[in-house]
Amino acid sequence: MAAIFTTPKFSPTPTASISTSSHKLNPKTSHHSLLNVSSKPAHPPFPYTSARRTSVSCSHPQQTPTTTMRRRPDYIPNRIPDPSYVRIFDTTLRDGEQSPGASLTSKEKLDIARQLARLGVDIIEAGFPAASKDDFEAVKAIATDVGNAVDKDGYVPVICGLSRCNEKDIRTAWEAVKYAKRPRIHTFIATSAIHMEYKLRKTKEEVIEIARSMVRFARSLGCEDVEFSPEDAGRSDREFLYEILGEVIKAGATTLNIPDTVGITVPSEFGKLIADIKSNTPGIENVIISTHCQNDLGLSTANTVAGACAGARQLEVTINGIGERAGNASLEEVVMTLRCHGEDLFGGLYTGINTRHIYTTSKMVEEYTGMFVQPHKAIVGANAFAHESGIHQDGMLKHKGTYEIIAPEDIGFERANEAGIVLGKLSGRHALKKRLEELGYELDAEQLENIFWRFKAVADQKKRITDADLRALVSDEVFQPEVVWKLHDLQVTCGTLCLPTATVKLIGVDGRAHVACSVGTGPVDSAYKAVDLIVKEPVTLLEYSMSAVTEGIDAIATTRVLIRGENSHTATLAYTGETVHRTFSGVGSGMDIVVSSVKAYISALNKMSGFKGMSPLKSGAERTAVSA
């Protein structure tokens, strides 16, 4: 759905050499001092095959206005030819989906995976195949589709599946990812004292044997790329970590992921953990060290960057930082931090991310998961490039670098007042299509036609259509689950002099119309009850929220709801093994807040129906129901 951006060619530049000597460090030493940067090239130029190129402006006083991105080196599971290259491992579809209400259908996961490939992530953790049949099929579809879509530069993402350290999980993960050109199994077991005692109820020796044998089993299936994670590494005994990591290396692991599972560490501490593992683990030169930092203390991005400075060359992140509890390290924050400071502070570290796809990817994940990004979110928040203070505005008018370290265009975000095209009721399809392309949306003819007529309807009521309005229209039209039920008509009566009443007409996937009428405590409540009479699927409304997309009384409203069905789908949580009932989110937009609310509710029901394989009622051409 997003446009594919192209950028000028360039010649690869020499890289700085990086070495660590953590065994000689003072424990209080800052993680920045873990770097020993030489100005000489670390090696002669390597033969590169995959070129993801772009340029990013960063107004840092100690660096040039433009930092040029180097080419992505060849993919080798346990080695990176360029020591300055950092792999980006995106776990939005696995850890990110564990956020309450972030359940995604297989179609939505596939859409996001395709967008992650456009973004240029090195590894996509597509899910936890053993969690449910739905998860297995989604991972398999991503492996088959996205995992074989090699671009003109030879880039294709690694497709990874998570598994616990048992044969059933590992075999299931392999059956899902094996269709990819570059499949990976990611297996884990807890290594902290508290987890081994209370969760696993196993000794250190038993945990080591399980880890060693399961990595060996994964390799025996034919998987040549196996990642191992010692869960809760941040609270694990160091000597035990060195031992178990050394054993899984001998068993065939190619990547060692060091997770701060509970988000307890601080940057200097986590950086030293990575450096100590790099210095004390036997065979560490034969694997890639990775990081996975949770955000319980709000330090996940800082910890991830500290890990990269200390020698980690794979960073596990999610779009918008979503994930269990307080979330994960945010891809956009980590990538843009490395982009802005890679040369001047981090010894030349760089990634293969095409940053011009960041904003579109963020919006897609936001709409599909229903998890709104807070306005002050770094990089992608609504206020990230907004300036209200008079002093700031004055500075921006004189030179944008006075208060912006990143140009919004570098992440694919364009200001409406700089677009050059003002859209209104007289605008045609060509102007609308051009502006949508500038915003990063690549739509097919049918989608464009649907959005055009919705755009015209809004333009008849608003003098000027903003980019925020357009994004809301696209989200409401494109970022929606497969249609099982569609709102056709809605009429409500409410106020202080009457009983709130709603009549709803829905069209089922079979094209038949269904009408219901109900009363409630208000217009939204009565409309939802009328929808329930048609759909006949008992659900609990867990959350309801609404926000205005733009300023003014004529603003488009966006509504988000979160529901749970009484007989809803279940899934298994990877870390705890707990069986949970899925929750489903829905988003709807419109100038009428009741219409927006009903669209959001139907969107959530459609998502739930997609998981359950339901079909709408097969009654007469039109069915009428009335509730007192």
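Calculation notes
- Residues numbered from 1 in each chain as written.
- Predicted model: local features only at pLDDT ≥ 70, side-chain atom pairs only at ≥ 80, totals over all residues.
- Heavy atoms only, no water.
- UniProt positions renumbered as here; feature names shortened; annotations may be inferred.
- Helix = DSSP H or I, 4+ residues; strand = E, 2+ residues; numbered from the N terminus.
- Expected span 1.5 Å × (residues − 1).
- Buried < 20%, exposed > 50% of the residue type's maximum accessible area, 1.4 Å probe, protein only.
- Contact = heavy atoms within 4.5 Å.
- Pairing = 2+ DSSP bridges.
- Axes fitted to C-alpha atoms, helices over the stretch in contact; angles between N-to-C directions.
- pLDDT = per-residue confidence, 0-100.
- Salt bridge = Lys/Arg side-chain N within 4 Å of Asp/Glu carboxyl O.
- Phe/Tyr/Trp six-rings, centres within 6.5 Å; stacked < 30°, edge-to-face > 60°.
- Parallel < 35°, antiparallel > 145°, perpendicular 65-115°, else oblique.
- Left-handed = near helix turned anticlockwise from the far one by under 90°.
- Nonpolar A, V, L, I, M, F, W, Y, C, P; charged D, E, K, R; others polar.

- Going by an unreviewed UniProt entry, the protein chain carries the name 2-isopropylmalate synthase and comes from Morella rubra.
- Of the comments in the UniProt record for the protein chain, the one headed Catalytic activity (unreviewed entry) reads "3-methyl-2-oxobutanoate + acetyl-CoA + H2O = (2S)-2-isopropylmalate + CoA + H(+)".
- Listed in UniProt under the heading Pathway (unreviewed entry), the comment for the protein chain reads: "Amino-acid biosynthesis; L-leucine biosynthesis; L-leucine from 3-methyl-2-oxobutanoate: step 1/4."

### A word on helix α5 (residues 204–220)
Argument step 1. The first and last C-alpha atoms of α5 sit 24 Å apart over 17 residues, in line with the 24 Å expected at 1.5 Å per residue.
Argument step 2. Those residues of α5 lying buried are Val-207, Ile-208, Ala-211, Met-214, Val-215, Phe-217 and Ala-218.
Argument step 3. Packing partners of the buried residues in α5 comprise α3 (167–177), β8 (183–190), α4 (193–200), β9 (226–231) and α6 (238–251).
Argument step 4. Looking one or two residues beyond α5, the residue adopting positive phi is Gly-222, at roughly 110°.

### Some words on the sheet that holds strand β10 (residues 255–260)
Argument step 1. An order of β5-β6-β7-β8-β9-β10-β11-β12 is seen for the 8 strands of this closed barrel, with the pairing classed as parallel. Between one strand axis and the next, the sheet turns through 25° on average, direction left out of account.
Argument step 2. Inspection of the sheet shows strand β11 (residues 288–293) paired to strand β12 (residues 314–317) by 3 bridges, in the parallel sense. Of the residues in β12, the one forming a bridge with Thr-291 is Leu-315.

### Examining the confidence of the model for the protein chain
Argument step 1. With 81% of its residues at a pLDDT of 70 or more, the protein chain shows a mean pLDDT of 83.
Argument step 2. With pLDDT under 50 throughout, residues 60–67 is counted as low confidence; its partners more than four residues away or in other chains account for 19 contacts.
Argument step 3. Overall, residues 614–628 carries pLDDT values under 50, and its contacts beyond four positions in sequence, including any with other chains, amount to 38 contacts.

### Description of the pattern of salt bridges
Argument step 1. Considering all chains together, one arrives at 32 salt bridges under this definition.
Argument step 2. Between Glu-247 and Arg-212 there is a salt bridge; the shortest N-O distance is 2.7 Å. Of the two residues, Glu-247 is situated in helix α6 and Arg-212 in helix α5; the sequence distance between them amounts to 35 residues.
Argument step 3. For Lys-377, the salt bridge identified is with Glu-332, shortest N-O distance 2.9 Å. Placement of Lys-377 in the loop between α10 (358–369) and α11 (390–398) and of Glu-332 in helix α9 (residues 331–341) is noted, with a sequence separation of 45 residues between them. The burial state of Lys-377 is the same as that of Glu-332; both residues are buried.

### Observations regarding the environment of Glu-206
Argument step 1. Along the polypeptide, Glu-206 turns up in helix α5.
Argument step 2. Residue Glu-206 is classed as partly exposed on the basis of its relative accessible area, which comes to 38%.
Argument step 3. Sequence separation of Glu-206 and Met-196 is 10 residues, and the distance between their C-alpha atoms is 9.8 Å.

### A short note on the packing of aromatic side chains
Argument step 1. Throughout the structure, instances matching the rule amount to 4 aromatic pairs.
Argument step 2. A centroid spacing of 5.3 Å and a plane angle of 70° characterise the contact between Phe-452 and Trp-453, whose relative ring orientation is edge-to-face.
Argument step 3. Consider the rings of Phe-452 and Phe-455, whose centres lie 6.3 Å apart with planes at 40°: the pair is tilted. With Phe-452 and Phe-455 both in helix α13 (residues 445–459) and 3 residues apart, this pair spans about one turn of that helix.
Argument step 4. Grouped by ring-pair contacts, the aromatic residues Phe-452, Trp-453 and Phe-455 constitute a single cluster.

### Describing unusual backbone geometry
Argument step 1. Unusually for a residue other than glycine, Arg-201 sits at a positive phi of about 55°.
Argument step 2. Examined against the element boundaries, Arg-201 turns out to sit in the loop between α4 and α5.
Argument step 3. The phi angle at Ile-379 is positive, at roughly 75°, despite the residue not being glycine.
Argument step 4. Tracing the chain through its elements places Ile-379 in the loop between α10 and α11.
Argument step 5. Residue classification places Ile-379 among the buried residues on the basis of a relative accessible area of 15%.

### Some details on the packing of α3 against α5
A pair of packed helices can be characterised by two numbers: the angle between their axes and the separation between those axes.
Argument step 1. Running from N to C, α3 and α5 point in directions that differ by 30°, and their axes come no closer than 10 Å. The orientation of α3 with respect to α5, classified from their angle, is roughly parallel. Regarding α3 and α5, the two cross each other, and that crossing is right-handed. Where α3 abuts α5, its residues Glu-167, Ile-170 and Arg-171 lie against Met-214, Phe-217 and Ala-218.
Argument step 2. Of the residues contributing to the contact of α3 with α5, the split by class is 4 nonpolar, no polar and 2 charged.

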